[in-house]
Amino acid sequence: MIRLFAALALLLSGVVHAAEFSVVQLDKSSIAFVTKQMGVPVDGTFPKFTAQIALDPAKPQTGRANIEIDIASIDAGFAQANEEAKGKNWFNVREFPKATFVSSAVSGAGGNRLEAVGKMTIKGKTQELRVPFTAVQDKGALTLEGAFPVKRLDYGIGAGEWADTSVVADEVQVRFRFVIAPASAPVSKNKKGGAL
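Quick notes on the rules
- Residues numbered from 1 in each chain as written.
- Predicted model: local features only at pLDDT ≥ 70, side-chain atom pairs only at ≥ 80, totals over all residues.
- Heavy atoms only, no water.
- Helix = DSSP H or I, 4+ residues; strand = E, 2+ residues; numbered from the N terminus.
- Buried < 20%, exposed > 50% of the residue type's maximum accessible area, 1.4 Å probe, protein only.
- Contact = heavy atoms within 4.5 Å.
- Areas by Shrake-Rupley, 256 points an atom, 1.4 Å probe, with all protein chains shown as cover.
- Phe/Tyr/Trp six-rings, centres within 6.5 Å; stacked < 30°, edge-to-face > 60°.
- Pairing = 2+ DSSP bridges.
- pLDDT = per-residue confidence, 0-100.
- Core = buried A, V, L, I, M, F, W, Y, C linked by side-chain atoms within 4.5 Å.
- Arc of directions from axis to C-beta.

Caption draft 1: Inspection of the overall build of the chain at higher detail. Assigned secondary structure in the chain consists of two helices and 10 strands. The helix and strand sequence of the chain, counted from the amino end, reads α-β-β-β-β-β-α-β-β-β-β-β. Residues counted as buried form 38% of the 196 residues belonging to the chain. In the chain, the share of contacts with a sequence separation of at least 24, taken over all contacts with a separation of at least 6, comes to 61%. Counting only carbon and sulfur atoms, one obtains 57% of the accessible surface of the chain, whose full area is about 11,200 Å².

If you want it as structure tokens, here you go:
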């Protein structure tokens, strides 16, 4: 009987391990943002990023994430806006080319809803964030989707005249979608050719 229980425990441990998703499919994933300028919504994306994410939906507390965004890849809709965003008054990509989010805890919030707590660093300034998201498993992959607000002035984004929140809103909504395959899946490349 003891041997039977040991065998079952070994089998279950293998199943749990197989349930972890940790290969981010960058070509199917995205990071976007929405802000407001003079009250008008402005959409943008960060096409280049890397993401190290591991999540077992049955044990969300073991989840972890490390996201690194290439700020110079920003696409705010047109070339002039992109160049302005890269400048010293905004992201200052020459000194601060990357933005990062590193999780410190993941917890379940009921159903397929989860929350990650971690630290976002932009322009050398770090703030703790709570990031709600959903995790949906389908066709052998796990899709994580969510959105969270960021106060740009907390990170010194938008100096001088751009610090006026009646011109450009302080709050920016960051939206993300990550498609993650099981650990045995091959690593994908993003649309720009950057591998994880």
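Caption draft 2: Spotlight on the packing of aromatic side chains. Scanning all chains against the criterion turns up six aromatic pairs. Aromatic side chains Phe 33 and Phe 46 sit 5.4 Å apart centroid to centroid with 45 degrees between the ring planes, which places their arrangement in the tilted category. Placement of Phe 33 in strand β2 (residues 30–37) and of Phe 46 in the loop between β3 (40–45) and β4 (49–54) is noted, with a sequence separation of 13 residues between them. Using a relative accessible area of 10% as the deciding quantity, one classes Phe 33 as buried.

Caption draft 3: Fine view of the pairing of strand β5 (residues 64–70). Bridge analysis of β4 against β5 gives six bridges, and the strand direction is antiparallel. Residue Thr 50 lies in a different strand from β5, and its bridge partner there is Glu 68. Bridge count between β5 and strand β6 (residues 98–108): five bridges; the pairing is antiparallel. Residue pairing across strands places Ile 67 opposite Phe 101, the latter belonging to β6.

Caption draft 4: Spotlight on the confidence of the model for the chain. When the pLDDT values of the chain are averaged, the result is 87; 85% of them are 70 or greater. pLDDT under 50 marks residues 1–18. Its contacts with residues more than four places away, or in other chains, come to two contacts. Across residues 191–196, where pLDDT falls below 50, the model places 16 contacts with residues more than four positions away in sequence or in other chains.

Caption draft 5: Region of the structure containing the nonpolar core. By size, the foremost hydrophobic cluster in this structure holds 43 residues, and its most contacted members are Ile 53, Ile 67, Phe 91, Leu 144 and Phe 178. Top contributing element to this core by residue count: strand β10 (residues 171–182), with five residues. Those residues in contact with Ile 67, other than ones at most four positions away along the chain, are Ile 31, Thr 50, Ala 51, Ile 53, Ala 99, Thr 100, Phe 101 and Phe 178.

Caption draft 6: How the structure looks around helix α2 (residues 79–86). Among all positions of α2, only Ala 81, Asn 82 and Ala 85 are buried. The buried residues of α2 all sit within an arc of 100 degrees when viewed along its axis, so they share a single face. Exposed and facing more than 90 degrees away from the buried side of α2 are Ala 79, Gln 80 and Glu 83.

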